[in-house]
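# Coordinates in review
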Amino acid sequence: MSELAHGTLAGLAEIADTGRDARRGGYSRHLWQKADLELRAWFAERAGRLGLSVETDRNGNLWAWWGEPGPDAVVTGSHLDSVPGGGAYDGPLGVVSALEAVARLQASGFTPSRPYAVLVFAEEEGSRFGIACLGSRLLTGGIDADRARALVDADGITLADAARRAGLDPAHLGADPNALARIGLFIELHVEQGRGLVDLGRPVAVASSILAHGRWRLTVTGQGNHAGATLMGDRRDPLVAAARAIVAVQEEALKHPGARATVGRLEVVPGGTNVIASSVHAWLDARAHSDAATRDLVSAIEAAASAAVAVNGCSVAVTGESWTGTVTFDPDLVGRFRAVLGGDALIPALPTGAGHDAGVLAASVPSAMLFVRNPTGVSHSPEEFAEVADCVAGIDALEILLRSLL
Ligand code: GLV
Ligand code: MN
Ligand code: MN
């Protein structure tokens, strides 16, 4: 990150040591835990230096206003939380770019003619409480407030308790129509998670759509027992059964063209070396080109996983945890942005398989995204990367859009 220490991306350099994960590599920055609190303080200080007034809404999202808050505000931003062991760019690049765009506009003497805010969403990755885009779902009413309050983290702390400890009133978590009504247009700049821009040889794109996606919990139940005293033929081992189910997930996804299905997290209960587990939770992330195709994929996975675990005398229960239908960004807005940024030949419109707060907001307010080239396409990994020149091209694009909108 040292190449970022000077110039436009200094913001990324300033947070380069916050939330580093020595065990996993990369960053683990989870809602209202130490790193996230430090990043929130950093954001408030950074925005304050630009003369923006920072507020925390009732769901823990941070807003930094240039001038009076809303209505019909142009709002740009992203998130500062990460997946476990994530990269430096997913989220922070959008926040740093939004602040940098303000700094540039101010330095040139520009005065906005409509309200503007930088918005940092809480818990975009769902790494602490399991629901992706939690802050934007709460803001828009996309998740029931009682259900949200009851979510628990890995230590059994409820979202309600965590919110209270963070200084929020948990009774006020949930749909915030007044805050939402201030947004006239939302723009999220993000590192590309894929190789679309590399293949096209361009540094910046406008997003066209997001795959339907969701999360499901597969709970495989067997018989907990003694590792030494239980004959191999007498076991109902849910971890062996879960292994078969995970293979079934891959096989079913391969039968659905373009679909993606992943089990990236397991919890073995009770989890002892000399203990045959009694149950295993496996979290499934499934995505496909339409809502129906994604639902079909998950139904096929459920059937295949049931058959797979039965081989070991186990059963599986599948519970939905979060869902985001296909997002098609407003084609008129996409077209207008591409035109302002130099035309279709220079600015591609790209679909993505990654979820974003902009996708959640798109159901409520006009929303758009800018993607910055990622030379390997790798994301949700410490290897996630973008060249400084491409990040600067992204900020240039954001600045041009803001000048045309404000
Ligand atoms: C968020 O990055 C997601 O796509 O899960
Ligand atoms: Mn992400
Ligand atoms: Mn992101």
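Residues numbered from 1 in each chain as written. Chains lettered and ligands numbered in written order. Predicted model: local features only at pLDDT ≥ 70, side-chain atom pairs only at ≥ 80, totals over all residues. Heavy atoms only, no water.

### Overview of the overall build of the protein
Stated precisely, the cut-off is as follows: Working definition: helices are DSSP H or I runs of at least four residues, strands are E runs of at least two. Numbering for both runs from the N terminus. For every residue, the accessible area (1.4 Å probe, protein chains only) is compared with the maximum for its type, and the residue is labelled buried under 20%, exposed over 50%, or partly exposed between those bounds. With residues, only the protein chains shown are counted as cover, and all accessible areas are computed by Shrake-Rupley using a 1.4 Å probe. The charged-residue count follows a simple rule in which Lys and Arg add positive charge and Asp and Glu add negative charge, with His and chain termini not counted at all. Where a charge lies is defined by one atom per residue type: Lys uses NZ, Arg uses CZ, Asp uses CG and Glu uses CD.
Across its full length, the protein holds 13 helices and 15 strands. Taken along its principal axes, the extent of the C-alpha atoms in the protein is 80 × 45 × 40 Å. Counting the 406 residues in the protein, one finds 55% classified as buried. About 16,300 Å² of surface is accessible on the protein, with carbon and sulfur atoms providing 53% of the total. Across the protein, the mean location of the 34 positive side-chain charges is 2 Å away from that of the 47 negative side-chain charges.

### Quick word on the site of ligand 1
The criterion, for reference: Only heavy atoms are used to decide nearness, and a residue is near a molecule or strand if one of them lies within 4 Å of it. Between N or O atoms, a polar contact is any pair within 3.5 Å; within protein, one atom must be a potential hydrogen donor and the other a potential acceptor, and residues adjacent in sequence are included only when both atoms are from side chains. Under this grouping Gly is polar, as are all residues other than the nonpolar Ala, Val, Leu, Ile, Met, Phe, Trp, Tyr, Cys and Pro and the charged Asp, Glu, Lys and Arg.
Residues in close proximity to ligand 1 include Glu-124, Glu-125, Arg-287, Ala-354, Gly-355 and His-380, which together make up its full environment. Between Glu-125 and ligand 1, the recorded distance is 3.2 Å, taken from a side-chain N or O atom to an oxygen atom. Contact between ligand 1 and Arg-287: an oxygen atom at 2.8 Å from a side-chain N or O atom of the residue. Relative to its free-state accessible area of 200 Å², ligand 1 is covered by the protein chains to the extent of 94%. For the shell around ligand 1, the residue count by class is one nonpolar, two polar and three charged.

### Overview of the UniProt feature "domain: Peptidase M20 dimerisation" (unreviewed entry) in the protein
Stated precisely, the cut-off is as follows: UniProt positions are given in the numbering used here, feature names are shortened, and annotations may be inferred rather than shown by experiment.
When the UniProt feature table is mapped to this numbering, "domain: Peptidase M20 dimerisation" (unreviewed entry) covers residues 215-307. With 38% helix and 33% strand, the stretch residues 215-307 has end C-alpha atoms that lie 21 Å from each other.

### A look at the sheet that holds strand β12 (residues 315-324)
Defined as follows: Any two strands with at least two DSSP bridges between them are considered paired. Only the stretch in contact is used when a helix axis is fitted, and all axes are lines through C-alpha atoms; the angle between N-to-C directions ranges over 0 to 180 degrees. Note on contacts: a residue pair qualifies if any of its non-hydrogen atoms lie within 4.5 Å across the two residues.
The strand order across the open sheet built from four strands is β9-β11-β7-β12, with neighbouring strands paired in antiparallel fashion. Looking at which strands have only one partner, the edges of the open sheet turn out to be β9 (260-269) and β12. Going from strand to strand, the sheet's axes swing by 20 degrees on average, the running direction of each strand aside. Set on the sheet, helix α9 (residues 238-255) makes contact with β7 (212-221), β9 and β11 (279-288); between it and β9 the angle comes to about 170 degrees.

### Some thoughts on the coordination of the manganese ion (ligand 3)
The cut-off we apply is this: The donor definition counts N, O and S atoms within 2.8 Å of each metal and applies 3.2 Å to Na, K and Ca; water is not among these atoms, so some sites may look incomplete.
Every protein donor of the manganese ion (ligand 3) is listed here as His-79 (NE2), Asp-90 (OD) and His-190 (NE2), and their distances to the metal cover 2.0 to 2.2 Å. Look at where the donors of the manganese ion (ligand 3) fall in the sequence and you get H-x10-D-x99-H. Between the manganese ion (ligand 3) and the manganese ion (ligand 2), the interatomic distance is 3.7 Å, and Asp-90 donates to each metal, bridging them. Taken as a pair, Asp-90 in the loop between β3 (73-79) and α3 (92-107) and His-190 in strand β5 (residues 183-191) lie far apart in primary sequence, 100 residues in all. Assigned by exposure class, Asp-90 and His-190 land together as buried.

### Focus on the pattern of salt bridges
Two side chains carrying opposite charge are able to pair once their charged atoms lie near each other. Applied cut-off: Should a side-chain nitrogen of Lys or Arg be within 4 Å of a carboxyl oxygen of Asp or Glu, the pair is scored as a salt bridge.
Under the criterion given, the structure shown has 22 salt bridges. Two residues, Asp-21 and Arg-24, come together in a salt bridge whose shortest N-O distance is 2.7 Å. Where Lys-255 meets Glu-252, a salt bridge forms, and the shortest distance between an N and an O atom there is 2.8 Å. In this pair, Lys-255 and Glu-252 are both assigned in helix α9, three residues apart and thus about one turn of the helix distant. Salt bridges sharing partners connect three or more residues here, namely Glu-100, Arg-104, Asp-396, Glu-399 and Arg-403.

### Describing the side chain of Glu-321
Looking at the element boundaries, Glu-321 is found in strand β12. Given a relative accessible area of 15%, Glu-321 falls into the buried group. Polar contacts involving the side chain of Glu-321 include one to the side chain of Arg-217, which spans 2.9 Å. In terms of polar contacts, Glu-321 uses its side chain to reach the side chain of Trp-283, at 3.1 Å. In contact with Glu-321, not counting residues within four places along its chain, are Ile-131, Arg-147, Arg-215, Trp-216, Arg-217 and Trp-283.

### A few points about helix α11 (residues 331-340)
Spelled out, the test is: To obtain the arc, one takes the directions from the helix axis to the C-beta atoms.
Within α11, the full set of buried residues consists of Leu-333, Val-334, Phe-337 and Arg-338. On an axial view of α11, the arc spanned by its buried residues comes to 130 degrees, and they lie on one face. More than 90 degrees from the buried face of α11, the exposed residues found are Pro-331, Asp-332 and Ala-339. Tucked into the core, α11 has its buried residues touching β5, β6 (204-210), β14 (349-352), β15 (367-372) and α13 (388-405). If you check the start of α11, you find a side-chain oxygen 3.0 Å away from the backbone N of Asp-332, and it comes from Asp-330. Positive phi shows up at Gly-342, right after α11, with a value of about 125 degrees.

### Thoughts on unusual backbone geometry
With an omega of -5 degrees, the peptide bond running from Gly-70 to Pro-71 counts as cis. One can find Pro-71 in the loop between β2 (62-66) and β3. Unusually for a residue other than glycine, Cys-133 sits at a positive phi of about 55 degrees. Its place among the elements puts Cys-133 in the loop between β4 (116-121) and α4 (134-140).

### Some details on the coordination of the manganese ion (ligand 2)
With distances of 2.0 to 2.8 Å, the protein atoms coordinating the manganese ion (ligand 2) are Asp-90 (OD), Glu-125 (OE), Glu-125 (OE) and His-380 (NE2). Here the donor residues for the manganese ion (ligand 2) map to a single chain with the spacing D-x34-E-x254-H. The class for His-380 is partly exposed, based on a relative accessible area of 41%.

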